[in-house]
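Observations on the model geometry
As a plain string of letters, each chain reads:
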Amino acid sequence: MGLFTTLAEMVVTGFGNPDSTQGKLASAVVKRFQTNEGGGLSAVLQQLEAKGLGQVAQSWVGTGANQPITPDQLKNALGADWIQQLAARVGVSPDVISSHLSEILPKIVDRLTPDGRVPAPVEEA
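These notes cover the structure that comes with them. Being a predicted model, the structure only gives us computed values, none of them experimental.

Quick word on the packing of helix α2 (residues 21-35) against helix α5 (residues 80-90)
Between two packed helices, what matters for the description is the angle formed by their axes and the separation of those axes. At a minimum axis distance of 9 Å, the contact between α2 and α5 shows a crossing angle of 125°. Taken together, the axes of α2 and α5 are oblique relative to one another. Between α2 and α5 the crossing geometry is right-handed. Seen from α2, the contacting residues are T21, K24, L25, A28, V29, R32 and F33; seen from α5, they are W82, Q85, L86, R89 and V90. A per-class count over the contact of α2 with α5 returns seven nonpolar, two polar and three charged.

As structure tokens, this is what we get:
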């Protein structure tokens, strides 16, 4: 089992009840990162940077305090399709997903980058 997979499992369990909206969302986001669906963690960070949110995203990767992000900033940076796919996986509306995602994405990225670096993608055999 790779380091990223171990970190991913720890991140998901850190959001409490796996049947809660946040638990399901955390699982769906981490799964996307694990499978590099939509480009994975690095692609999400690049999308945020391209939309002028690089400093915010880097605060999540770094070892200091995480800067906040709004649901609208996430929708603009990640796109409606990304949000819609997560909403479909979790079974709630895109607006609900955006609201929860703005709270938990900084925590997920922070926990997946404990040493202040984005882990290299791992290809499973």
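That covers the picture; the talk isn't over yet.
Some words on the nonpolar core
Among the nonpolar cores identified, the biggest contains 31 residues, and F33, L48, L101 and L105 are the most heavily contacted of them. Taken together, the elements giving at least two residues each to this core come down to α2, α3 (40-61), α4 (71-78), α5 and α6 (94-112). A total of nine residues in this core trace back to one element, the largest contributor, which is α3. The residues touching L101, leaving out its near neighbours within four places in the chain, are L25, V29, L74, L78, W82, I83, L86 and P106.

What counts and what doesn't
Residues numbered from 1 in each chain as written. Predicted model: local features only at pLDDT ≥ 70, side-chain atom pairs only at ≥ 80, totals over all residues. Heavy atoms only, no water. Axes fitted to C-alpha atoms, helices over the stretch in contact; angles between N-to-C directions. Helix = DSSP H or I, 4+ residues; strand = E, 2+ residues; numbered from the N terminus. Parallel < 35°, antiparallel > 145°, perpendicular 65-115°, else oblique. Left-handed = near helix turned anticlockwise from the far one by under 90°. Contact = heavy atoms within 4.5 Å. Nonpolar A, V, L, I, M, F, W, Y, C, P; charged D, E, K, R; others polar. Core = buried A, V, L, I, M, F, W, Y, C linked by side-chain atoms within 4.5 Å. Buried < 20%, exposed > 50% of the residue type's maximum accessible area, 1.4 Å probe, protein only.

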